[in-house]
Amino acid sequence: MPYSWTAPTAEADATRQLRLWPHNSLPPQGFAAMVLGFFALASLPLYGLLGTALLWGLLPFMLAATAALYYALRRNERDRQITEVLTVTPDTTQLTRTNPKGDIQTWESNTYWVRVALHPTGGPVPNYVTLKGKGREVEIGAFLSEDERKALYAELSDRVRDISHPA
């Protein structure tokens, strides 16, 4: 899953930190292979046109298609540079989101009053997970898949309850 909880540093330490990130299914080697493979396959029909004027008419379109694929894959990679860090202590809960352009959004509330909610419908995505506290409701993990959001909701509910209401 594209999120992980940190282990407590000491036995008496109840602080937990959750780090979330979007899937990255295309590593750099896959990116290079995709662009090179597209270029190679797109240029195959042009080999029969070598030495003709028609080659020069079709070549710019093939190069433009390759450049568009390169740009789209790079743009997708930049747009996936999102991280969310949720820090839950017995006193405070803080969510920090770093967006693709580098701007940072933060939310903080008293852990005792934080409520985790799962919205099966009505949100921008199915099974939308939110945190509510201090008069404000914020999303968490909207870039996760539907099943991952359900699992996140269950884990998050348990962790916040365990920390804010110790036995």
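Residues numbered from 1 in each chain as written. Predicted model: local features only at pLDDT ≥ 70, side-chain atom pairs only at ≥ 80, totals over all residues. Heavy atoms only, no water.

This part is about the overall build of the protein chain. A tally of helices and strands in the protein chain yields 3 helices and 8 strands. Starting at the N terminus, the α and β elements of the protein chain follow one another as β-β-α-α-β-β-β-β-β-β-α. A compact globule built from 167 residues would reach a C-alpha radius of gyration of about 15 Å, whereas the protein chain, at 23 Å, exceeds it by more than 25%. Within the span of the protein chain, comprising 167 residues, buried residues form 29% of the whole. Summarising the internal contacts of the protein chain: among those between residues at least 6 apart in sequence, 45% fall at separations of at least 24. For the protein chain, the accessible area works out to roughly 10400 Å², and carbon and sulfur atoms hold 60% of it. Both charge centroids of the protein chain, one from 16 positive and one from 16 negative side chains, sit 6 Å from each other. (Helix = DSSP H or I, 4+ residues; strand = E, 2+ residues; numbered from the N terminus. Rg over C-alpha atoms; globule rule 2.2 N^0.38 Å. Buried < 20%, exposed > 50% of the residue type's maximum accessible area, 1.4 Å probe, protein only. Contact = heavy atoms within 4.5 Å. Areas by Shrake-Rupley, 256 points an atom, 1.4 Å probe, with all protein chains shown as cover. Lys, Arg positive; Asp, Glu negative; His and termini not counted. Charge placed at Lys NZ, Arg CZ, Asp CG, Glu CD.)

Along the chain, Leu118 turns up in strand β6 (residues 115-119). Overall, Leu118 belongs to the partly exposed group, its relative accessible area being 26%. For Leu118, the residues in contact, after removing those within four places along its chain, are Asn127, Tyr128, Val129 and Tyr153.

The strand order β1-β2-β3-β4-β5 describes an open sheet built from 5 strands, whose pairing is antiparallel. Single-partner strands in this sheet number two, and they are β1 (3-5) and β5 (104-110). Pairwise comparison of adjacent strand axes, ignoring direction, gives a mean angle of 10° for this sheet. The sheet contact formed by strand β4 (residues 92-98) and β5 spans 7 bridges and is antiparallel. Of the residues in β5, the one forming a bridge with Arg97 is Gln105. Contacts from helix α3 (residues 146-164) reach β1, β2 (16-20) and β3 (83-88) within the one sheet, and its direction differs from that of β1 by about 20°. (Pairing = 2+ DSSP bridges. Axes fitted to C-alpha atoms, helices over the stretch in contact; angles between N-to-C directions.)

Scanning the model with the defined rule gives 2 aromatic pairs in all. Look at Tyr112 and Trp113: their rings are 5.0 Å apart centre to centre, the planes differ by 90°, and that puts the pair in the edge-to-face class. On the basis of relative accessible area, Tyr112 is assigned to the partly exposed category, the value being 40%. What makes Trp113 exposed here is its relative accessible area of 56%. One residue, Arg74, lies across the ring of Phe31, its end atom 4.1 Å from the ring centre. Directly above the aromatic system of Trp5 lies the positively charged group of Arg159, at a separation of 4.5 Å from the ring centroid. (Phe/Tyr/Trp six-rings, centres within 6.5 Å; stacked < 30°, edge-to-face > 60°. Lys NZ or Arg CZ within 6 Å of the ring centre and 35° of its normal.)

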